[in-house]
Amino acid sequence: MKRCLVILIEAMIVVAMLGANPFMPVSDNVSFYSSMIDVYSNPASISFRSDLNNRFSVALDYSDDLSLGRAGETLGLIQNMNSYLNVGFGGQNLLFSASFGFLTEDRTFNDGKLSFDFVTSNNIQIDWGWHFSDFGLGVRIKGGSQAIREDREVEDLIGVFQNFLLAKYTNRENSNYFSLGVGVQYHPGDFSLGAYSDGFLVLDNSQDLSVSSDMILKTLSLGASWRGKRFTESGELMTLRPRVSLGFNNLTSESSALEIGAELTIQLLPRCNLSFGAVYHDERNANSNWFIVNQGSVRIDYSLSLSYEKHFFLCRLRSYPVNGDRLSFTLSYRAFI
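No experiment lies behind these values; they were computed from the predicted model shown.

Q: Can you walk me through the overall build of the chain in this structure?
A: What the chain contains, in helices and strands, is three helices and 16 strands. When contacts within the chain are restricted to residue pairs at least 6 apart in sequence, those whose partners lie at least 24 apart make up 58%.

Q: What should I look at first to understand the side chain of S319 in this one?
A: With respect to the helices and strands, the residue S319 is situated in strand β15 (residues 311-319). For S319, a relative accessible area of 16% puts it in the buried group. Every residue in contact with S319, bar those within four places of it in the chain, is listed here: R299, I300, Y302, R326 and L327.

Q: What is the right way to look at the pattern of salt bridges in this model?
A: Side chains that differ in charge, positive against negative, can pair when their charged atoms come close. Tallying each qualifying case throughout the model produces twelve salt bridges. Here D190 makes a salt bridge to K229, at a shortest N to O gap of 3.1 Å. Placement of the pair is D190 in the loop between β7 (177-186) and β8 (191-203) and K229 in the loop between β10 (220-227) and β11 (240-249), with a sequence separation of 39 residues. Salt-bridge contacts for R318 lead to D301; the nearest nitrogen and oxygen are separated by 2.8 Å. Of the two residues, R318 sits in strand β15 while D301 sits in strand β14 (residues 298-308), which places them 17 residues apart along the sequence. Judged on exposure class, the residue R318 and its partner D301 are both buried. Through salt bridges with shared partners, a single ionic network connects E283, R299, D301 and R318.

Q: Help me understand the packing of aromatic side chains, please; the structure alone is not making it clear to me.
A: Here the distance between the centres and the angle between the planes together describe a pair of aromatic rings. All chains considered together, the criterion is met by seven aromatic pairs. Summarising the aromatic geometry, the rings of Y33 and F48 are spaced 5.8 Å apart at their centres and angled 65° between planes, so their arrangement reads as edge-to-face. With a gap of 15 residues between them, Y33 in the loop between α1 (2-15) and β1 (56-67) and F48 in the loop between α1 and β1 connect regions that are remote in the sequence. When its relative accessible area of 14% is taken as the criterion, F48 is described as buried. Here Y62 and F329 contribute two aromatic rings whose centre-to-centre distance is 5.6 Å and whose plane-to-plane angle is 40°, an arrangement assigned as tilted. Of this pair, Y62 sits in strand β1 while F329 sits in strand β16 (residues 326-336), and the two are 267 residues apart along the sequence. Each of the two residues, Y62 as well as F329, counts as buried. Among the aromatic side chains, those forming a connected cluster through ring pairs are F102, F116, F118 and F164. A cation over an aromatic ring shows up here: R140 above the ring of Y196, its NZ or CZ 5.1 Å from the ring centre. Taking NZ or CZ as reference, R243 lies 3.7 Å from the ring centre of F32, over its face.

The rules behind each value
Residues numbered from 1 in each chain as written. Predicted model: local features only at pLDDT ≥ 70, side-chain atom pairs only at ≥ 80, totals over all residues. Heavy atoms only, no water. Helix = DSSP H or I, 4+ residues; strand = E, 2+ residues; numbered from the N terminus. Contact = heavy atoms within 4.5 Å. Buried < 20%, exposed > 50% of the residue type's maximum accessible area, 1.4 Å probe, protein only. Salt bridge = Lys/Arg side-chain N within 4 Å of Asp/Glu carboxyl O. Phe/Tyr/Trp six-rings, centres within 6.5 Å; stacked < 30°, edge-to-face > 60°. Lys NZ or Arg CZ within 6 Å of the ring centre and 35° of its normal.

Shown next, in the form of structure tokens:
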């Protein structure tokens, strides 16, 4: 029986997957458009979808940190785990999504004893969007909450399983959230420009809805991208389709960031693509110069993705050049119906 539980837990950890965002936008730039996945970056992209035959999606996402210094500890491969099951359905103007997650936080290993905070997360999101010629407008409403089991000691994968699925949680203080966001996009030719802010209406710590220009600017992200054409002028499929992007995220917050991305897609068949990508990410605070590199906060993401028929697979590796022994990874699978 114990062996069966171990196998089940291992399968859950390998298959149930994600990063910090519960809906995990695989494409993070707010100027991206054309697929259901891009909607999670900016609701304004929903009316530009070219995959309208995909009305329903199921996603399994998993991410974690990899620190070589902890490799010899108990459960050394579970450090800051984020795992989510996401479902979504909708069409050209409306997308409804729900997300259910299991997370570990505050890993502590002292005197041979290992403990975590175990967190469950429930989130819902509704995206509306319309476009007028090359200009798109989108609105997002989202909310959710978390529950937690604090400082729980575990010895093996059985303990992880018991704490995640068989134990009682308590509501996490100040974890309830609600927000309304607004996004826009403009597509001049092969270029795309986008902007999105999450803070037009937010539920604050006093559980009151509030509106402020400060919150709008703190959650405002700007993006620009260029993507090569999918087909030649004669209608033949292009073998190589490049894309480059530039993003300024959370403009006036303490976690603002500059992102520069490049991606090359190999179009093997009309419904089979292999993509290689890299993103340079540089965090800075509100007083930093956007054009001076902040060496201590630089990270580089490398990604490999495969899209085949109605299936999408992603593997992303995140490296931190200043902290060479630290890595993180994301695995994702999406099925569309």
